[in-house]
Every structure is written in structure tokens, then in C-alpha cells.
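Chain by chain, the residues:
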Amino acid sequence: MNTDTARQVRALRETVARLHGELTRYALVAWTAGNVSARVPGQDLMVIKPSGVDYDALTAETMVVCDLNGTVVDGGGAPSSDTAAHAYVYRAMPQVGGVVHTHSSYATAWAARGEAIPCWLTAQADEFGGEIPVGPFALIGGDDIGKGIVSTLSGHRSPAVLMRNHGVFTIGRDARAAVKAAVMCEDVARTAHLARALGQPLPMAQADISSLHDRYQNVYGQRSTGGSPGVPRRS
Ligand SMILES: [Zn+2]
């Protein structure tokens, strides 16, 4: 690892450790479930949470650096049990710089029913550009979860997928964007659940959803902090 890469890895260890605090702050995880990773830009490397470590004990030093086959290259502990899924996404989607996984309650309740979340809210149109889709059932361990994430999200506006009977995976241009998508996914899943519990939510016109998404991805926010909040589209 040359000096520049080592500096990037050190900074990403800090960032990824700190972003795990957002998962607990927004109550997206229980016990040691959930994980955040970041791609090391320009390298076939990623920084990811260690397996089975308490959230309170997560520091820059305890993060694990793996190559994009999931092999540990730096760090003493075992990486997250979801490392293969994260690695598969980075290999297949070069525009993705961050991946997050949670079992956040409301979104995972939709995943348990295998039901996509219809776009009933402007906030969902902004962040997800339409429905939040469901991915296939897949067992942990091999490439099946990664394949399910990539096949569902490729060509889709949504940076979040509800993996059936499992939970949420989100992608972003960096780890912070993927964490934001995980927070927003749970927020809209909760509101959609409440709305439907009380009656039949009203549909939104596809043209309005597209207009909101385009504005939010390209105009909204502070220009000086740079770029759109989502994953750059390849089209
Ligand atoms: Zn899981």
C-alpha cells in the first residue's frame, strides 16, 4: 500500500467507524446487526465493519480493510458476515462508493411480505425516484445476496433494495450517501405503513415523481458541498 492509499484508508477507517453511529442514532439496528462499508477510491479495496463487535466498541482501528473478493488485507479482526455482498456490489457497480445493510423495522416488515414500497410521498420521489423495489430471497455466505442487490438496483433509480425475508441494502456514491438512503428508506417505509394502516394512500403521477426526483438529485442542497445526493446515473 503506497503512502497516498494508506492516507485514504486511514481517513475512510475514521469515516466508516463514525457513520456506524448514524445507524444507532436513527435506531436502524439492534445488537451488532447492520454494517457500513466504503470503497477506497481507485483501489480494489474496501473498509468495512468487523463481525460481531458492539457498536460502542467500533473505532477507526477496529474497522477491517478487505480486497474486493472479501479477503482481509489490513486489520486483525474478521470482517462483517455480509462482506461478500458488499464486495460483489463494488465489483459489479463501479459507480458505487458506499454500501449499507440494516434490518430496520418498518422497511424489513415490507421485505418480510416481499412487497415493494409504492411511491406515495414526495420525500420518496426525491430520494428514490419511485417505488423501493424488492430483491430475491438469498442465503448469506456466497454471492447470492450481492447478485440479488445488483440485479434489482441496476437501471433502477432507487438506491435501496428490500431483500425478501431479510432487510435493506443501500448504495451511494460514498458511504455517507448510502447511510442517508438507509435512514430515508426506514422513514418512508414507516410513513407508508402508517398511511396504509389508516386507509388507501393516494397514488402520485409518474411525471410528478420524475420531476421531484430530477430536482432533488440535481438542484436541491448546498452546491458548495458538491454533487447530487444519489448514485450518479450512467445514462
Ligand atoms: Zn442481514
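Residues numbered from 1 in each chain as written. Predicted model: local features only at pLDDT ≥ 70, side-chain atom pairs only at ≥ 80, totals over all residues. Heavy atoms only, no water.

Looking at this structure, I do not really get the environment of Tyr-55. What am I missing?
With respect to the helices and strands, Tyr-55 occurs in the loop between strand 2 (45–48) and strand 3 (64–67). In the structure, Tyr-55 is positioned 110 residues away from Asn-165 in sequence and 24 Å away in space, judged by C-alpha atoms. Side-chain polar atoms of Tyr-55 contact the backbone oxygen of Ala-33, separated by 2.6 Å. Here Gly-34 takes part through its backbone oxygen, which lies 3.2 Å from a polar atom of the side chain of Tyr-55. (Helix = DSSP H or I, 4+ residues; strand = E, 2+ residues; numbered from the N terminus. Polar contact = N/O pair within 3.5 Å; in protein donor to acceptor, adjacent residues only side chain to side chain.)

Got a minute to help me understand helix 1 (residues 3–25) in this structure?
Residue pairs three or four apart in sequence face the same way in an α-helix, which turns once every 3.6 residues. Across its 23 residues, helix 1 extends 34 Å between first and last C-alpha, which sits within 8% of the 33 Å expected from 1.5 Å per residue. Among the residues making up helix 1, those that are buried are Thr-5, Val-9, Leu-12, Arg-13, Val-16, Ala-17, Leu-19, His-20 and Leu-23. In this structure, the buried side of helix 1 is in contact with strand 1 (35–39), strand 2, strand 3, strand 4 (72–74), strand 5 (98–102) and helix 6 (175–198). Measuring from the side-chain oxygen of the N-cap residue of helix 1 to the backbone nitrogen of Asp-4 gives 3.1 Å; that N-cap residue is Asn-2. Count one or two residues on from helix 1 and you reach Ala-27, which has phi positive near 55°. (Expected span 1.5 Å × (residues − 1). Buried < 20%, exposed > 50% of the residue type's maximum accessible area, 1.4 Å probe, protein only. Contact = heavy atoms within 4.5 Å.)

What am I meant to see in the coordination of the zinc ion here?
For a metal with four tetrahedral donors the ideal donor-metal-donor angle is 109.5 degrees, while six octahedral donors give ideal angles of 90 or 180 degrees. The protein atoms that coordinate the zinc ion are His-101 (NE2), His-103 (NE2) and His-166 (NE2), at distances spanning 2.1 Å. Each donor residue of the zinc ion belongs to the same chain, and together they define the spacing H-x1-H-x62-H. Here His-166 lies in the loop between strand 7 (160–163) and strand 8 (167–172) and His-103 lies in the loop between strand 5 and helix 3 (105–113), a separation of 63 residues in the sequence. (Donors = N, O, S within 2.8 Å, 3.2 Å for Na, K, Ca; no water.)

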